[in-house]
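# An overview of the molecular structure
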Amino acid sequence: QVQLVESGGGLVKPRGSLRLSCAASGFTFSDYYMSWIRQAPGKGLEWVSYISSTSSHTNYADSVKGRFTISRDNFKNSLYLQMNSLRAEDTAVYYCARGGYGGALDSWGQGTLVTVSS
Amino acid sequence: DIQMTQSPSTLSASVGDRVTITCRASQSITNWLAWYQQKPGKPPKLLIWRASLLESGVPSRFSGSGSGTEFTLTISSLQPDDFATYFCQQYDAYQTFGQGTRLEIK
């Protein structure tokens, strides 16, 4: 069965950096777009970024453009999100999900919590 | 950017009720719309895609309809497991989620 497991979250100071990882299994990772979605505590869902199966196509929400970078390693079946210049408003649970451009998100990880606070 | 507006924000209903949640897009998204269910502390779960297609394993009491800018999610007969928060999502241009509808027990 499809499994997505995020890691790398934690407490970081404003203007700090963090790298999230998502380990995928149970499907052919290299065939799918992948996305990052976040959810601030008690709030709704916000799309963050997606990446194509070959990494040739990426896109970002305006709120993170220029600060976050999505990447993937199809040999390691892993998705990444490099987050720089973090702000308090980036505090959220970050989910990785299968799908993205032109497709619904049909599988989600359990999420990893990122807290940006001094 | 395409904005998605869900209504109502909160819905109180009883087991066995038929309920409908509405999602409106700020511009036409054809049928590039999905519905998700989320329970506290859990990730969202895909219910409906392409506005009306039921995801594998999702009970048939869930149905979706609509096209263009107006969409609905209907639960034909509420079960205890259905009390949760529901989100719509457009994936016509990037991705945008509605603000969510909390379905609570009356």
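Scroll up to find the structure.
Throughout what follows, the structure given in this document is the object of discussion.

### Considering the pattern of salt bridges
All names here are of chain A. Scanning the entire structure with this criterion turns up 9 salt bridges over all chains. Across the pair D90 and R38 runs a salt bridge whose closest N-O atoms are separated by 2.9 Å. Here D90 is found in the loop between β8 (78-83) and β9 (92-98), whereas its partner R38 is found in strand β4 (residues 34-39), with 52 residues between them in sequence. In this structure D90 comes out as buried when scored by relative accessible area, which is 0%. For R38, a relative accessible area of 4% corresponds to the buried category.

### Quick look at the sheet that holds strand β3 (residues 19-25) of chain B
Across a sheet, strands are paired by hydrogen bonds formed along the backbone, either parallel or antiparallel in direction. Residue and element names in this part refer to chain B. Strands sit in the order β1-β3-β8-β7 across an open sheet of 4 strands; the sheet is antiparallel. At either margin of the open sheet sits one strand with a lone partner, and together these are β1 (4-7) and β7 (62-67). This sheet shows a mean twist of 15° between the axes of neighbouring strands, independent of strand direction.

### Some thoughts on the packing of aromatic side chains
All names here are of chain B. In total, this model carries 12 aromatic pairs over all chains according to the counting rule given. With centroids separated by 6.4 Å and ring planes inclined at 40°, the aromatic side chains of F62 and Y86 adopt a geometry described as tilted. One end of the pair, F62, is in strand β7; the other, Y86, is in strand β9 (residues 85-90), and 24 residues separate them in sequence. Comparing F62 with Y86, the two get one shared label, buried.

### Description of the environment of A:D62
All names here are of chain A. For D62, the location among the structural elements is in the loop between β6 (58-60) and β7 (68-73). For D62, a relative accessible area of 58% corresponds to the exposed category. A polar contact is formed between the side chain of D62 and the side chain of K65, at a distance of 3.2 Å.

### Here's the deal with the interface of chain B and chain A
Tallying the contact residues gives 17 residues for chain B and 21 residues for chain A. Between chain B and chain A, roughly 1500 Å² of surface is buried when both sides are summed, and carbon and sulfur atoms account for 60% of that area. In terms of surface lost to chain A, no three residues of chain B exceed B:Y94, B:Q95 and B:F97, which account for 38% of the buried area on that side. Where chain B packs against chain A, one counts 0 salt bridges. Along the contact surface separating chain B from chain A lie 5 residue pairs in polar contact (both at pLDDT 80 or more). The greatest single-element share of the side of chain B that touches chain A, amounting to 3 residues, is contributed by strand β4 (residues 33-38) of chain B.

### Re the sheet that holds β8(A)
Residue and element names in this part refer to chain A. Spatially, the 4 strands line up as an open sheet ordered β1-β3-β8-β7, and their pairing is antiparallel. Edge positions in the open sheet fall to β1 (3-7) and β7, since each of these has one partner strand only. Strand-to-strand twist in this sheet, taken as the mean axis angle between neighbours without regard to direction, amounts to 15°. Bridge count between β7 and β8: 6 bridges; the pairing is antiparallel. From the neighbouring strand, I70 faces β8, where its bridge partner is L81.

### Thoughts on the state of the cysteines
Within this structure, the stated rule accounts for 2 disulfides over all chains. Sulfur-sulfur distance for the disulfide between A:C22 and A:C96 comes to 2.0 Å. Residues A:C22 and A:C96 are joined through a disulfide that is right-handed, its torsion about the S-S bond being 40°. Separated by 74 residues along the polypeptide, A:C22 in strand β3 (residues 18-25) and A:C96 in strand β9 bring together distant segments of the chain. Residue B:C23 pairs covalently with B:C88 via a disulfide, S to S 2.0 Å. Here the disulfide of B:C23 and B:C88 is right-handed, its torsion about the S-S bond being about 60°. Of this pair, B:C23 sits in strand β3 while B:C88 sits in strand β9, placing them 65 residues apart in sequence. Per residue, the accessibility class of B:C23 equals that of B:C88, and both read buried.

Rules and cut-offs
Once a new chain begins, its residue numbering starts again from 1 and follows that chain's sequence as written. Here every chain gets a letter starting at A, and every ligand a number starting at 1, in the order they are written. At least 70 in pLDDT is required for a residue's local features to be given in this predicted model, at least 80 for side-chain atom pairs to be given and counted, and no such filter applies to totals for whole chains, interfaces and linings, which use all residues. Each side-chain value is worked out from all heavy atoms of the structure, with water and hydrogens disregarded. A pair is scored as a salt bridge if a Lys or Arg side-chain nitrogen falls within 4 Å of a carboxyl oxygen belonging to Asp or Glu. In this text, helices come from DSSP runs of H or I with a minimum length of four residues, and strands from runs of E with a minimum of two, each type numbered from the N-terminal end. Residue burial is assigned from relative accessible area. The probe radius is 1.4 Å, only protein chains are included, and a residue is buried under 20% of its type maximum, exposed over 50%, and partly exposed in between. A pair of strands is treated as paired once DSSP finds two or more bridges between them. Geometry is summarised by axes, namely lines fitted to C-alpha atoms with helices restricted to the contacting stretch, and by angles between N-to-C directions that run from 0 to 180 degrees. What counts as a ring pair is set by centres within 6.5 Å for rings of Phe, Tyr and Trp (its six-membered ring), and what kind of pair is set by the plane angle: stacked under 30 degrees, edge-to-face over 60, tilted for all other angles. Definition of a polar contact: a pair of N or O atoms within 3.5 Å, with one able to donate and the other able to accept a hydrogen when the atoms are protein atoms, and with sequence-neighbouring residues admitted only if both atoms are side-chain atoms. The contact criterion used throughout is that any non-hydrogen atoms of two residues lie within 4.5 Å. What gets called buried area is simply the loss in accessible area from a 1.4 Å probe that two parts show on being joined, summed for both. By disulfide we mean two sulfur atoms from cysteines, separated by a distance within 2.5 Å.

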